[in-house]
Amino acid sequence: MSAPQPPQPADIPTLLVKIFGKDRPGLTAGLFDTLAAYSVDVVDIEQVVTRGRMVLCALVTAPPAGLEGDLRATVHSWAESVRMQAEIISGLGDNRPRGLGRSHVTVLGHPLTSESTAAIAASITATGGNIDRIFRLAKYPVTAVEFAVSGTETEPLRTALAIEAAKLGVDVAVVAAGLHRRAQRLVVMDVDSTLIQDEVIELFAAHAGCEEKVAEVTAAAMRGELDFEQSLHARVALLAGLDASVVDKVRSEVRLTPGARTLIRTLKRLGYQVGVVSGGFTQVTDDLKERLGLDFAQANTLEIVDGKLTGKVTGEIVDRAGKARLLRRFAREAGVPLEQTVAIGDGANDLDMLNAAGLGVAFNAKPLVREAAHTAVNVPFLDTVLYLLGITREEVEAAETHTDSD
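Taking an unreviewed UniProt entry as the reference, the chain is identified by name as phosphoserine phosphatase belonging to Streptomyces anatolicus. UniProt's Cofactor (unreviewed entry) comment on the chain is quoted here verbatim: "Mg(2+)". In its Pathway (unreviewed entry) section, the UniProt entry covering the chain states "Amino-acid biosynthesis; L-serine biosynthesis; L-serine from 3-phospho-D-glycerate: step 3/3."

This is the structure we're talking about:
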């Protein structure tokens, strides 16, 4: 006769022990000290503290026969002694298995309203998904919460939530769950109107007295109405004869986007590599690379002869296709698989790069770009991208503290 098989987890009697009330030190240890007297094993634990109120759930194996009533009475007595409430529910086995298909849904609101939260949750349910856990990532400069979702595939969930987010005016990012999420070790971003608030060529144009003409061509190119390379040559030609000393003036005029330094410092502190690609000019991006400690930087180069801008660019043109090509090159040099890269941009010439990356983020982008990217951020703080990577505000602040103490 074969030896009897041990009971499967689903057949094991278990107790769900929940305590809730005002949080204070020692409650978790106190509950498990109480349970230890009954030789139960811990199957699962979940604890949440919100505005000083704690909910602690412990799923444990049932005690030896005849002791469950005593355990219940003892737990209730202990809870009363520490001014908490207790609830104990009998059942079998562990939590039910999570459905196939796992995703992280990050929602950014400024503010995050009850209406939008309800609509996002309903959309998740409508796709066949189940919300397994909700966790707040940040409360400022935006409210960011993350939903752990199972039971539906990432792509249809992303499509459904993108439509809902557009209606609600909130930002929603959907990424597949897995180890690769925290292994994304290369972030590459556009420069003009992404890393910085300005369009660099317009800063040069202001010194040449042709700002309006350049701005018109720039706007058309960013909307995807003009070929980028042709528009680049047309705009740069207007700068012919400008004194090279203007380069230093333009560098001093560049304004970083709010949150840019925080984004880069946090990523670097957490071990990420960071680069920029730009349809602008190396005369500015090289300076940004040095100032911000970037790992990679590539842009077009204004030709300067005898101390004057010639109205031409030299070398390989960094256009829409070139940005995607550079993302792949940076990834190879960094030793990072392409699916573990993040790209951030705002214009039509960023689309190939956004689509090539593992996660493409449209930052305060044109409608065409928002619709085509994996996700969009429409608040004016670049460091909110960190929340899409599952990085909490506490981790951001810790990175800032470490940086300040270096």
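So, next bit.
Caption draft 1: Local environment of the overall build of the chain. Per the secondary structure count, the chain includes 15 helices and 15 strands. In the chain, which comprises 406 residues, the proportion classed as buried is 47%. Of the contacts formed within the chain by residues at least 6 apart in sequence, a portion of 67% connects residues at least 24 apart. When the accessible surface of the chain is totalled, it reaches about 19300 Å², and 52% of it is carbon and sulfur. With 41 positive and 53 negative side-chain charges, the chain shows a separation of 2 Å between the mean positions of the two kinds.

Caption draft 2: Structural view of helix 8 (residues 246-253). Looking only at helix 8, the buried set comprises Val246, Val247 and Val250. In an axial view of helix 8, the angular spread of the buried residues amounts to 105 degrees, which keeps them on one side of the axis. Of the residues in helix 8, the exposed ones pointing more than 90 degrees away from the buried face are Asp248 and Ser252. At its buried positions, helix 8 is contacted by helix 5 (200-208), helix 10 (282-292) and strand 11 (296-305).

Caption draft 3: Quick peek at the pairing of strand 7 (residues 143-150). With seven of eight residues buried, strand 7 is to be regarded as a mostly interior element. As judged from the eight bridges shared by strand 5 (residues 102-109) and strand 7, these two strands associate in the antiparallel manner. Counted as the bridge partner of Val105 is Phe147 from strand 7. Summarising the sheet, strand 6 (residues 130-138) and strand 7 pair through seven bridges and their orientation is antiparallel. By the bridge assignment for strand 7, Arg133 is matched with Ala148. Joining the antiparallel neighbours strand 6 and strand 7 is a turn of four residues.

Caption draft 4: Structural detail: the UniProt feature "domain: ACT" (unreviewed entry) in the chain. Look at the UniProt record and you will see "domain: ACT" (unreviewed entry) annotated at residues 16-96. With 30% helix and 41% strand, residues 16-96 has its two end C-alpha atoms placed 13 Å apart.

Caption draft 5: The arrangement of helix 11 (residues 320-334) in detail. Over its 15 residues, helix 11 runs 21 Å from end to end, which matches the ideal 21 Å to within 8%, given 1.5 Å per residue. In this structure, the buried side of helix 11 is in contact with strand 9 (186-189), strand 10 (273-281), strand 11, strand 13 (341-345) and helix 12 (351-356). At the N-terminal boundary of helix 11, the capping side chain belongs to Asp319, with an oxygen 3.4 Å from the backbone nitrogen of Ala321. One or two residues past the end of helix 11 sits Gly335, with phi positive at roughly 70 degrees.

Caption draft 6: Highlighting unusual backbone geometry. Between His110 and Pro111 the backbone carries a cis peptide bond, its omega angle lying at 5 degrees. One can find Pro111 in the loop between strand 5 and helix 3 (114-126). Going from Tyr140 to Pro141, the amide bond is cis rather than trans, its omega being 0 degrees. By secondary structure assignment, the location of Pro141 is in the loop between strand 6 and strand 7. Positive phi outside glycine occurs at Arg83, with the angle close to 60 degrees. Residue position: Arg83 is located in the loop between helix 2 (68-81) and strand 4 (85-92). One non-glycine residue with positive phi stands out, namely Asp306, at about 55 degrees. Within the secondary structure, Asp306 is located in the loop between strand 11 and strand 12 (308-314).

Caption draft 7: Up close: the sheet that holds strand 12. The strand order 12-11-10-9-13-14-15 describes an open sheet built from seven strands, whose pairing is mixed. The outermost strands of the open sheet, each flanked by one partner alone, are strand 12 and strand 15 (375-377). Averaged over all neighbouring strand pairs, the angle between strand axes comes to 25 degrees, with direction disregarded. Sheet analysis places strand 10 next to strand 11, joined by four bridges and oriented parallel. The residue bridging Gly275 from the neighbouring strand is Phe296, located in strand 11. Relative to strand 11, helix 10 is tilted by about 140 degrees, and along the sheet it contacts strand 10 and strand 11.

Caption draft 8: Up close: the packing of aromatic side chains. A full pass over the atoms with the stated rule returns two aromatic pairs. Look at Phe296 and Phe330: their rings are 4.7 Å apart centre to centre, the planes differ by 15 degrees, and that puts the pair in the stacked class. Taken together, the residues span a long stretch of sequence, with Phe296 in strand 11 and Phe330 in helix 11 at a distance of 34 residues.

Caption draft 9: Spotlight on the nonpolar core. In terms of nonpolar packing, the biggest core is built from 61 residues, with Met189, Leu195, Phe204, Phe281, Ile344 and Leu382 touching the most fellow members. Element by element, the count of residues in this core is highest for helix 5, at five residues. Setting aside its immediate chain neighbours within four residues, Phe281 contacts Val200, Ile201, Phe204, Leu232, Val236, Ala299, Asn300, Leu302 and Val313. Membership of the second largest hydrophobic core comes to 22 residues, among which are Val188, Leu326, Ala334 and Ala365.

How each quantity is defined
- Residues numbered from 1 in each chain as written.
- Predicted model: local features only at pLDDT ≥ 70, side-chain atom pairs only at ≥ 80, totals over all residues.
- Heavy atoms only, no water.
- UniProt positions renumbered as here; feature names shortened; annotations may be inferred.
- Helix = DSSP H or I, 4+ residues; strand = E, 2+ residues; numbered from the N terminus.
- Buried < 20%, exposed > 50% of the residue type's maximum accessible area, 1.4 Å probe, protein only.
- Contact = heavy atoms within 4.5 Å.
- Areas by Shrake-Rupley, 256 points an atom, 1.4 Å probe, with all protein chains shown as cover.
- Lys, Arg positive; Asp, Glu negative; His and termini not counted.
- Charge placed at Lys NZ, Arg CZ, Asp CG, Glu CD.
- Arc of directions from axis to C-beta.
- Pairing = 2+ DSSP bridges.
- Expected span 1.5 Å × (residues − 1).
- Polar contact = N/O pair within 3.5 Å; in protein donor to acceptor, adjacent residues only side chain to side chain.
- Axes fitted to C-alpha atoms, helices over the stretch in contact; angles between N-to-C directions.
- Phe/Tyr/Trp six-rings, centres within 6.5 Å; stacked < 30°, edge-to-face > 60°.
- Core = buried A, V, L, I, M, F, W, Y, C linked by side-chain atoms within 4.5 Å.

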